[in-house]
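Coordinates in review
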Amino acid sequence: MEDEDDPVVEEIPVHLSKTLADNLYVLQYPVKSATATFDDGRVVNCCVKPINQQIKVDYALDTASRHYDAFKGEQFALAADGKQRDKSQKLTFRSGTMDKQSFLSTKPIEDVGRYLVCVMQDGEVHATPLKGIVAMRQMFSYFDKQDTRTKAEQKAERDADGTGEDEELTQVTVKFAENERMRKAREKSFNYLSEMEAEEPWCETFWHEKTSSTAELEKQKLFSGTGVSGSGRQAVDNAALNVRPSEYMEMLISKEKTDRNIDSLLPSKVVCMHKLIQLSLEEQLKVILTDAKVITSQQIYELLPNRTLPPEKLRRVLMQVGWLIRGNWVAQAEYVYPDGSVSGTNGVGAEQMRNARDYILYRFTKCDKLERSQLVAITQLPVEEIREILSSVAKLNPSDRTWSMLLPSNEAYLCVEEQEISERQTAYWKARAEYFSEMERKSATNSSSTSIGGGSTSKRVRKRSTRDS
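Per chain, residue numbering runs from 1 following the sequence as it is written. The predicted nature of this model means local features are confined to residues of pLDDT at least 70 and side-chain atom pairs, given and counted, to a pLDDT of 80 or more, with totals for whole chains, interfaces and linings taken over all residues. Side-chain calculation: all heavy atoms of the structure are included, whereas hydrogens and water are not.

Per an unreviewed UniProt entry, the protein carries the name DNA-directed RNA polymerase III subunit RPC5 and comes from Anopheles epiroticus.

1. A short note on the overall build of the protein
For the record, the criterion: By definition, any uninterrupted DSSP run of H or I lasting at least four residues is a helix, any uninterrupted run of E lasting at least two residues is a strand, and each is numbered from the N terminus. Any residue under 20% of the maximum accessible area for its type is buried, any over 50% is exposed, and the rest in between are partly exposed; the area is computed with a 1.4 Å probe on protein chains only. The contact rule is simple, with two residues in contact once any of their heavy atoms fall within 4.5 Å. Exposure was quantified through the Shrake-Rupley algorithm and a 1.4 Å probe, taking into account, for residues, occlusion by the shown protein chains and nothing else.
Along the backbone of the protein there are 17 helices and 13 strands. Each of the 469 residues in the protein was classed as buried or not, and the buried ones make up 29%. For the protein, long-range pairs separated by at least 24 residues make up 66% of all intrachain contacts whose partners lie at least 6 apart in sequence. By element, 51% of the accessible surface of the protein is carried by carbon and sulfur atoms, the whole surface being about 32,800 Å².

2. What to know about the packing of helix α14 (residues 350–364) against helix α16 (residues 383–393)
Let me state the cut-off plainly: Note on method: axes are straight lines fitted to C-alpha atoms, helices fitted across the in-contact stretch only, with angles between N-to-C directions ranging 0 to 180 degrees. Should an angle fall under 35 degrees it is taken as roughly parallel, and over 145 as roughly antiparallel, whereas 65 to 115 is taken as roughly perpendicular and any remaining angle as oblique. For any helix crossing, the convention is left-handed if the near helix is rotated counterclockwise from the far helix by under a right angle, and right-handed if that rotation is clockwise. Following the grouping adopted for this structure description, the nonpolar residues are Ala, Val, Leu, Ile, Met, Phe, Trp, Tyr, Cys and Pro, the charged ones are Asp, Glu, Lys and Arg, and the polar ones are all others, Gly among them.
Direction vectors running N to C along α14 and α16 enclose 50°, while the axes themselves pass 10 Å from each other. Considering the angle they form, α14 stands oblique to α16. Crossing geometry of α14 relative to α16 is assigned as right-handed. Between α14 and α16, the residues in contact are Met-353, Ala-356, Arg-357, Ile-360, Leu-361 and Phe-364 and Glu-385, Glu-388, Ile-389, Leu-390, Ser-392 and Val-393, respectively. Split by residue class, the contact of α14 with α16 holds 8 nonpolar, 1 polar and 3 charged.

3. Some remarks on the side chain of Asp-58
Its location among the elements puts Asp-58 in strand β4 (residues 54–60). Residue Asp-58 is classed as buried on the basis of its relative accessible area of 4%. Excluding its chain neighbours within four sequence positions, the residues that come into contact with Asp-58 are Arg-42, Val-43, Val-44, Asn-45, Lys-100, Gln-101 and Ser-102.

4. Considering the packing of helix α10 (residues 281–292) against helix α12 (residues 311–321)
Where α10 meets α12, the closest approach of the two axes is 10 Å, and the angle between their N-to-C directions is 60°. Overall, the two elements α10 and α12 adopt an arrangement that is oblique. Seen from above, α10 lies across α12 with right-handed handedness. Across the interface between the two elements, Leu-281, Glu-282, Leu-285, Lys-286 and Leu-289 of α10 pack against Lys-313, Leu-314, Val-317, Leu-318, Gln-320 and Val-321 of α12. When its residues are assigned to classes, the contact of α10 with α12 shows 7 nonpolar, 1 polar and 3 charged.

5. Looking at the pattern of salt bridges
What counts, and what does not: Salt bridge, as applied in this entry: a Lys or Arg side-chain nitrogen positioned within 4 Å of an Asp or Glu carboxyl oxygen.
Here the structure, examined in full by the defined rule, presents 11 salt bridges. Residue Glu-283 is joined to Lys-286 by a salt bridge in which the shortest nitrogen-to-oxygen separation is 3.3 Å. Separated by 3 residues within a single helix, Glu-283 and Lys-286 lie in helix α10, roughly one turn from each other. Residue classification places Lys-286 among the buried residues on the basis of a relative accessible area of 17%. Across the pair Arg-441 and Glu-438 runs a salt bridge whose closest N-O atoms are separated by 2.6 Å. With Arg-441 and Glu-438 both in helix α17 (residues 416–454) and 3 residues apart, this pair spans about one turn of that helix.

6. A closer look at the sheet that holds strand β1 (residues 14–16)
Rule in force here: Strands are treated as partners if at least two bridges between them are detected by DSSP.
The mixed open sheet is built from 3 strands, whose spatial order is β1-β7-β6. Edge positions in the open sheet fall to β1 and β6 (116–121), since each of these has one partner strand only. On average, each strand axis in the sheet is inclined to that of its neighbour by 25°, with strand direction left out of account. Sheet topology note: the β1/strand β7 (residues 124–129) ladder contains 3 bridges and is parallel. By the bridge assignment for β7, Val-14 is matched with Val-125.

Structure representation (structure tokens):
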């Protein structure tokens with residue numbers, strides 16, 4: 001689409017603020033509807049666990065509402081705290097009725113490096129990175145207290161009746177020596193993480209209403225000092241952001257986290273562009289040739305991260321990792337089937353797969369089309385392996401069931417230097433021609449032997465007797 005058909009309507013400046021970056025959390029309430037919110041709710045208690053990033057918030061219930069069941073509220077309080085309340089223990093409901101509902105946070109997202117909280121003012125967007133995102137879900141701990149107290153009361157009754165005087169079984173715990181690997185695995189287990197969360201004490205915090213002066217002061221920290229509404233630091237902050245666009249993006253996005261997240265989403269043996277930049281030129285060309293299968297020189301230039309590379313240097317390295325077949329580049333067999341690898345279907349060894357691939361590339365230097373059945377007979381490999389090799393450099397022609405290169409011949413567009421490379425590699429194929437001819441002779445011999453020994457149309461020849469008549 002031309003620029004005239006899609007004009008720029010408005011340009012909005014974006015500023016980054018990091019004042020609250022280490023303390024800014026987003027609280028989500030997934031079980032609440034869009035209408036039943038806590039915008040007007042009254043918080044009676046708030047606690048946090050800074051290390052495990054847990055938040056607990058208690059919201060007051062309107063016990064005077066006509067929708068509140070007072071009898072049920074008293075029953076819940078009685079079940080949680082019991083009839084005879086122990087003053088040494090903290091009561092769940094101090095008023096004797098269920099007058100609050102508690103919410104405990106969970107972490108739905110571990111890595112929040114890609115999320116920002118943005119505010120817009122005076123036509124500018126101010127973005128602040130998040131420290132965490134938590135989902136607040138309602139707690140029903142009073143039911144757990146009821147079960148615990150019921151079991152304790154039942155045990156006390158058994159002890160009073162004398163049924164608990166029998167000898168109790170003692171649990172014996174056996175611990176084995178723990179090495180470093182076992183220790184790391186234990187520290188990642190659910191039980192260990194749960195113990196760490198339980199051991200960290202709750203820290204009481206102050207809850208400020210959204211309309212309070214303290215909340216308004218904190219909201220002002222969401223704005224950076226570089227905008228129209230900024231302070232006298234504008235000139236200093238603008239000077240700090242006087243960098244190239246690529247450098248500014250690197251400051252905003254952590255390369256390490258980006259690569260790790262992308263790698264986890266990609267299939268195996270697939271390298272993202274961020275990772276490709278960090279590789280050497282030789283490794284970059286190996287990745288490009290292996291993934292592209294068949295590619296032209298111009299396409300390689302466009303895929304390289306460094307497009308200012310001298311062409312002679314690129315061609316020099318290309319000769320080491322690829323073959324120029326009919327004017328197009330393909331990866332050498334040792335990079336497609338490295339040592340120790342096997343084929344995907346029948347587990348054929350790397351050396352046999354490399355020899356078969358080289359033979360197929362050699363045949364493509366001589367002719368435009370190949371037949372799979374003939375290649376199977378000559379290479380002595382299963383049909384699946386030959387199809388695997390052919391699919392990496394060629395395509396099937398449905399009309400005559402032959403295979404031709406993925407890209408048409410590009411020899412007419414080669415520059416002088418690439419023509420010289422083609423001539424040098426032609427000498428290599430001539431040197432291997434004797435080995436390939438031996439493969440073809442063995443295949444022809446085996447084929448003729450099979451025809452003579454196993455054919456159903458062969459005639460029986462009666463030998464003349466050598467006995468004396």
